[in-house]
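# Examination of the molecular architecture
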Amino acid sequence: MEPITLCGLVIVAFGLWLELEPSVMAVVKIISKSKFITEVVLNSTVQAPVYVRKMPVCVAKVSPH
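Cut-offs applied
- The written sequence of each chain sets the order in which its residues are numbered from 1.
- Totals for whole chains, interfaces and linings use every residue, but because this is a predicted model, local features are given only for residues with pLDDT of at least 70 and side-chain atom pairs only at 80 or more, for both listing and counting.
- Think of the side-chain values as coming from all heavy atoms in the structure, minus any hydrogens and water.
- By the criteria applied, helices consist of DSSP H or I runs no shorter than four residues and strands consist of E runs no shorter than two, each listed in order from the N terminus.
- Buried, partly exposed and exposed residues are distinguished by accessible area as a fraction of the type maximum, computed with a 1.4 Å probe on protein chains only: under 20%, between the cut-offs, and over 50%, respectively.
- Accessible surface is estimated by sampling points in the Shrake-Rupley manner with a 1.4 Å probe; for residues, cover comes only from the protein chains shown.
- What makes two residues a contact is simply this: any of their non-hydrogen atoms within 4.5 Å.
- Each residue carries a pLDDT value, the predictor's own confidence for that position, ranging from 0 to 100.

## Focus: the overall build of the chain
A tally of helices and strands in the chain yields three helices and zero strands. Going from N to C terminus, the chain has its helices and strands arranged as α-α-α. Counting over 65 residues, the chain shows a buried share of 0%. Approximately 6700 Å² of the chain is accessible, and the part contributed by carbon and sulfur atoms is 71%.

## A word on the environment of Ser-32
In this structure, Ser-32 sits in helix H1 (residues 3-32). Given the relative accessible area of 41%, Ser-32 is considered partly exposed. The contact partners of Ser-32, leaving out residues within four places of it in the chain, are Ile-37 and Thr-38.

## Digging into the confidence of the model for the chain
When pLDDT is averaged across the chain, the result is 80; 63% of the residues are at 70 or more. Of all helices and strands in the chain, the one with the weakest mean pLDDT is helix H3 (residues 57-60) (59), whereas H1 scores best (93).

So this is what it looks like as structure tokens:
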């Protein structure tokens, strides 16, 4: 594409964002407050690390160097 076309595309995209930003943000706010999204985010379990009490045999072997 020619530079003038790219500049025009950037200007149009910026103008559309300015016009549509309030609507987009309202939709994002509605989606983020929905019960489904909050349940999925809040009920996602964080995996706890598994602590090994004994070192596995394969790790305990000393390499012959």
